[in-house]
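# Summary of the model geometry
Listed below, chain by chain, are the residues.
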Amino acid sequence: MLDKNEIYYSMGGLPQYFNSISEMFKYKITNDTKNIILNTSSQPNSIPHLGTLTTLMSVFAIAEELKRVYKLNVLVQFDEIECSPKEFIEVEGHKYVKTIGDMFGESNISISDINMNYYYEILNFLKQESGINYQVRTYQEFQENKYIREGLIKVVNDQEFFVHLFNPSDNKLHVRTKCPKCSVMDKDMHKTNILEVSKKSFIVRSYCYEHGEYETLISKDSLNFIEMNTQLRDLLKGYLIAKDRKDTLTAMIDGGDWGGTWSMRIHAEGMNKLNMELPIRLFTPLILDRSGGKLSKSHYLNGKSYSYVNDYFNDYFKFKEHYCKKGLKKLYKEIKRWVNEPKKFFRNYSIDYIETIMEE
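Residues numbered from 1 in each chain as written. Predicted model: local features only at pLDDT ≥ 70, side-chain atom pairs only at ≥ 80, totals over all residues. Heavy atoms only, no water.

### Let's talk about the pattern of salt bridges
Taken as a whole and assessed by the stated rule, the structure comprises 21 salt bridges. A salt bridge links Arg205 to Glu215; its shortest N-O distance comes to 2.7 Å. Here Arg205, found in strand 9 (residues 201-208), pairs with Glu215, found in strand 10 (residues 212-219); they are 10 residues apart in sequence, far enough to count as distant. A relative accessible area of 31% places Arg205 in the partly exposed class. Ionic pairing is found between Asp234 and Arg281, a salt bridge with its closest N-O pair at 2.5 Å. Residue Asp234 is located in helix 6 (residues 230-242), and its partner Arg281 is located in strand 13 (residues 280-284); the two are separated by 47 residues in the primary sequence. Pair check on accessibility: Asp234 and Arg281 agree, each one buried. Members of the salt-bridge network, linked through shared partners, are Asp79, Arg137 and Lys237. (Salt bridge = Lys/Arg side-chain N within 4 Å of Asp/Glu carboxyl O. Helix = DSSP H or I, 4+ residues; strand = E, 2+ residues; numbered from the N terminus. Buried < 20%, exposed > 50% of the residue type's maximum accessible area, 1.4 Å probe, protein only.)

Here it is in structure tokens:
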């Protein structure tokens, strides 16, 4: 356990200049602003773990503070990324993938819907604690938005720049479509190509190892499914926010691993190329292992484990079972302290810190 008397907070960077997180929104709030939306997202490819839990709690804590300070309608918007991969199929040395939205468990319910039950439980708890309502937006809904498609068409029309910005290793924009017969996608992009590009549309020609070649027309008004990799989703979410109504201020809030170089290169450089205004973007504290790395959900899903991390920090269900509802309240109270004091928000926390807080 850590000695709480030896926990220090650096005043370097932003904490020197802001007394609260709410002050970071002031420069974009006008007399026309009636609503604030805080957007965050997650891949429901498993039961949420501690990192996801602290990010969601941070978003609601910020929302609660903004509502108190500015007396505006505040909504948390959660993007469900049900297009994340679940099953990898290798054929002749190339990978194909099926998503958590296209694979089904008991009672013919998709993997994403099964795991979203835990997310809804957390979201409902936070709604009750904070008084802030939430809205869930699926990736299906996100990719159907006309502004997302408008932005994507602009990116495709400037492929030479964006392939070097996003994917210099293979010089391809990772834009995929599903086989219309089995929903498999060409993960490696080895037989996926973008054709007939115009200012209004483009065609994706792809390949299924079982059903052969197929083509998909993508236009601003079409609703056929298109999958974009993380870089494109991140950029186009900013593009969509820049198209917001004048009475609504939308901010992106994500875990700290989306900050720094990622945010500057992928988001800021991309938005600048598209000549779009950057949204407010904040990054919540990361939960770190003892080596200083992010406490990884991926390691846990791949069967790896930390000898010093209890299972209830890797699994929301076990967390709730171990600490009960009082534990959730305790963790939320701690995170509200981070939001109320920028010196506590603009830093990361070790798993040992969290355990110390939860056990005292």
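On we go from here.
### Points about the pairing of strand 10
Sheet topology places strand 9 next to strand 10; 8 bridges connect them, and they run antiparallel. Pairing of Val204 across the sheet is with Thr216, part of strand 10. Connecting strand 9 to the antiparallel partner strand 10 that follows it, the hairpin turn spans 3 residues. (Pairing = 2+ DSSP bridges.)

### Details of the sheet that holds strand 10
The strand order 8-9-10 describes an open sheet built from 3 strands, whose pairing is antiparallel. Each having just a single partner strand, strand 8 (193-195) and strand 10 make up the two edges of the open sheet. Averaged over all adjacent pairs, the angle separating strand axes in this sheet is 30 degrees, with direction ignored. Relative to strand 9, strand 8 runs antiparallel, the two being bridged by 3 bridges. Bridging across to strand 9, Leu195 finds its partner in Ile203. (Axes fitted to C-alpha atoms, helices over the stretch in contact; angles between N-to-C directions.)

### A short note on the side chain of Glu150
Note that Glu150 resides in helix 4 (residues 146-156). Glu150 gets classed as buried once you look at its relative accessible area, which sits at 15%. For Glu150, the contacting residues outside a window of four places in its chain are Lys220, Tyr239 and Lys243. (Contact = heavy atoms within 4.5 Å.)

### Re the side chain of Ser20
Tracing the sequence through the fold places Ser20 in the segment before strand 1 (35-42). When its relative accessible area of 13% is taken as the criterion, Ser20 is described as buried. Of the polar contacts made by the side chain of Ser20, one reaches the side chain of Ser22; its length is 2.8 Å. (Polar contact = N/O pair within 3.5 Å; in protein donor to acceptor, adjacent residues only side chain to side chain.)

### What about the layout of surface pockets?
Roughly 1200 Å³ of internal volume is contained in the largest pocket. Lining the largest pocket are 50 residues, and of these Ser42, Gln43, Ile81, Trp258 and Lys294 lie nearest its centre. Ranked by the residues each element gives to the lining of the largest pocket, the list is headed by helix 1 (residues 50-70), at 5 residues. Classifying every residue of the lining of the largest pocket gives 15 nonpolar, 21 polar and 14 charged. (1 Å grid on protein atoms, 1.4 Å probe; cavity = no way out; pocket = protein on both sides within 12 Å on 5 of 7 lines; lining within 4 Å. Points joined across faces, edges and corners; volume = space filled by probe spheres on them. Nonpolar A, V, L, I, M, F, W, Y, C, P; charged D, E, K, R; others polar.)

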